[in-house]
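Single-letter residue listing:
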Amino acid sequence: GIQVEQSPPDLILQEGANSTLRCNFSDSVNNLQWFHQNPWGQLINLFYIPSGTKQNGRLSATTVATERYSLLYISSSQTTDSGVYFCAVGGGADGLTFGKGTHLIIQP
Amino acid sequence: DTGVSQNPRHKITKRGQNVTFRCDPISEHNRLYWYRQTLGQGPEFLTYFQNEAQLEKSRLLSDRFSAERPKGSFSTLEIQRTEQGDSAMYLCASSIQTGYGYTFGSGTRLTVV
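Residues numbered from 1 in each chain as written. Chains lettered and ligands numbered in written order. Predicted model: local features only at pLDDT ≥ 70, side-chain atom pairs only at ≥ 80, totals over all residues. Heavy atoms only, no water.

Caption draft 1: How the structure looks around the packing of aromatic side chains. Tallied over the entire structure, the rule returns 13 aromatic pairs over all chains. Plain terms: the ring middles of F86(A) and F98(A) are 6.0 Å apart, the flat faces sit at 75° to each other, and that makes the pair edge-to-face. In this pair, F86(A) sits in strand 9 (residues 83–90) while F98(A) sits in strand 10 (residues 97–98), placing the two residues 12 residues apart along the sequence. When its relative accessible area of 2% is taken as the criterion, F86(A) is described as buried. Classification of F98(A) as buried rests on a relative accessible area of 10%. When the centroid spacing of 5.4 Å and the interplanar angle of 40° are considered together, the rings of F21(B) and Y90(B) count as tilted. (Phe/Tyr/Trp six-rings, centres within 6.5 Å; stacked < 30°, edge-to-face > 60°. Helix = DSSP H or I, 4+ residues; strand = E, 2+ residues; numbered from the N terminus. Buried < 20%, exposed > 50% of the residue type's maximum accessible area, 1.4 Å probe, protein only.)

This is how it looks when you write it as structure tokens:
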């Protein structure tokens, strides 16, 4: 099956800092989503982005499908950004394969 | 739109017992997914429904697991003869169609003792 690697596995930043999270995948995909899992376990969809660039407030994402990677940018970090960020990929309407996540801690 | 609802939130059961979880997706979403997540790992795909049809099942879904989605509305996931290795968070997600992101529920945390 498809392999998903996320980096870095852990990231500790001060409030106000910017960060870039990376997702590499082993095969072509038709579906790529980024999620944030907050400290209470709720998974929140951030982006559906199988290709191209999208922005939503302080967050943006870019997927270069031909090179099989995606990047999630977080600017001006806030403590509420803490949690685990997952990249998940798939071939279309079927199930997604999740990476192991990046555990982000934003310190005040 | 009340989001994806899962019940119960927590379930503690003895090994060997059967358990059933329920997921109510967002009403206009015709796609429904079940995932399982263990501590420190990303969610793992279990099964997928489009309306009432179960279109895909993971190898993780052993014969002790069964899922249904009667009439294409809510879905149930049953685990028979539970084992300690079944302890995990069971997550349900729905989406309106291909090309749109998932909305996850809060999950059901199962503990098998």
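There is more to say, and it comes next.
Caption draft 2: The arrangement of the environment of Y48(B) in detail. Residue and element names in this part refer to chain B. Mapped onto the elements of the fold, Y48 is located in strand 5 (residues 44–50). In this structure the C-alpha to C-alpha distance between Y48 and L91, which are 43 residues apart in sequence, comes to 12 Å. At 3.2 Å, the side chain of Y48 forms a polar contact with the side chain of R31. (Polar contact = N/O pair within 3.5 Å; in protein donor to acceptor, adjacent residues only side chain to side chain.)

Caption draft 3: Structural view of the environment of T97(A). Residue and element names in this part refer to chain A. Within the element layout of this structure, T97 appears in strand 10. The exposure class of T97 is partly exposed, given its relative accessible area of 29%. Put simply, T97 and Q78 are 19 residues apart on the chain and 28 Å apart in space, counted from C-alpha to C-alpha. In this structure T97 touches I2, V4, C87, A88 and V89, once residues within four positions along its chain are discounted. (Contact = heavy atoms within 4.5 Å.)

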